[in-house]
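Structural overview
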Amino acid sequence: RKEVEQDPGPFNVPEGATVAFNCTYSNSASQSFFWYRQDCRKEPKLLMSVYSSGNEDGRFTAQLNRASQYISLLIRDSKLSDSATYLCVVTLNTGFQKLVFGTGTRLLVSP
Amino acid sequence: DAGVTQSPTHLIKTRGQQVTLRCSPKSGHDTVSWYQQALGQGPQFIFQYYEEEERQRGNFPDRFSGHQFPNYSSELNVNALLLGDSALYLCASSLDGPGQVNTEAFFGQGTRLTVV
């Protein structure tokens, strides 16, 4: 079983749509949680951290459910520029910053 | 601030050859991690360097080795290249010394290695 699992997609949505991505992780000792965004042939960039209380950054909302070992990302009012791969990332409680990535979910927003 | 820089950006090598990839971390960062990203996959952790020592390693063979220099820059070496080593190699820098907890990791643009 992969440490971090995501639906690879692609998710094809029209502009203005709301889209949600889910991710599950297998190690209950996972400590920190993130969503990264990766554009085609570019490096991953941090989109947002994910907290149990839920957090929002503009059109993006992230949620963590530790009991279910489940992370979500909601994008409202999708823009063409949101087209990218969204990587779910966890770190383990090792004291070191080792990022464990999911395969990524590809989003395509069309006009 | 130049951010994380990697060189070269692209590289083509033949099976059996050796390759060295380079990374300069973001100013003020002391930790460098290397990741391998195969096509259609998420990045996979190779190893991490802090204070010029490898302090954590992923599930990669000994053909993969590295080094960190006193100025915190780092090299990734891969010996006896295989076709399956073709991937995007990403360097990430962070500030992970004592007292630092889960600081943000910044990635370089990567080196795209093709083994033929």
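Look above for the structure.
Residues numbered from 1 in each chain as written. Chains lettered and ligands numbered in written order. Predicted model: local features only at pLDDT ≥ 70, side-chain atom pairs only at ≥ 80, totals over all residues. Heavy atoms only, no water.

1. Considering the pairing of strand β5 (residues 44–49) of chain A
Residues and elements named next belong to chain A. Relative to β5, strand β4 (residues 30–38) is paired through five bridges, and the arrangement is antiparallel. Residue pairing across strands places arginine 37 opposite lysine 45, the latter belonging to β5. Between β4 and β5, which pair antiparallel and follow one another directly, the connecting turn spans five residues, one of which, arginine 41, has a positive phi of 65°. (Pairing = 2+ DSSP bridges. Helix = DSSP H or I, 4+ residues; strand = E, 2+ residues; numbered from the N terminus.)

2. Quick notes on the packing of aromatic side chains
Tallying each qualifying case throughout the model produces 12 aromatic pairs over all chains. Ring geometry for Phe101(A) and Tyr35(B): centres 5.7 Å apart, planes at 85°, overall edge-to-face. With Phe101(A) in strand β10 (residues 99–101) and Tyr35(B) in strand β4 (residues 31–37), the pair connects residues from two separate chains. Owing to a relative accessible area of 5%, Phe101(A) belongs among the buried residues under this scheme. When its relative accessible area of 1% is taken as the criterion, Tyr35(B) is described as buried. Taking 5.1 Å as the distance between ring centres and 65° as the angle between the ring planes, the aromatic pair formed by Phe60(B) and Phe64(B) counts as edge-to-face. The same class applies to Phe60(B) and to Phe64(B), which are both buried. An aromatic cluster is present here, built from Phe34(A), Tyr36(A), Phe101(A), Tyr35(B), Phe45(B) and Phe107(B) joined pairwise through their rings. (Phe/Tyr/Trp six-rings, centres within 6.5 Å; stacked < 30°, edge-to-face > 60°. Buried < 20%, exposed > 50% of the residue type's maximum accessible area, 1.4 Å probe, protein only.)

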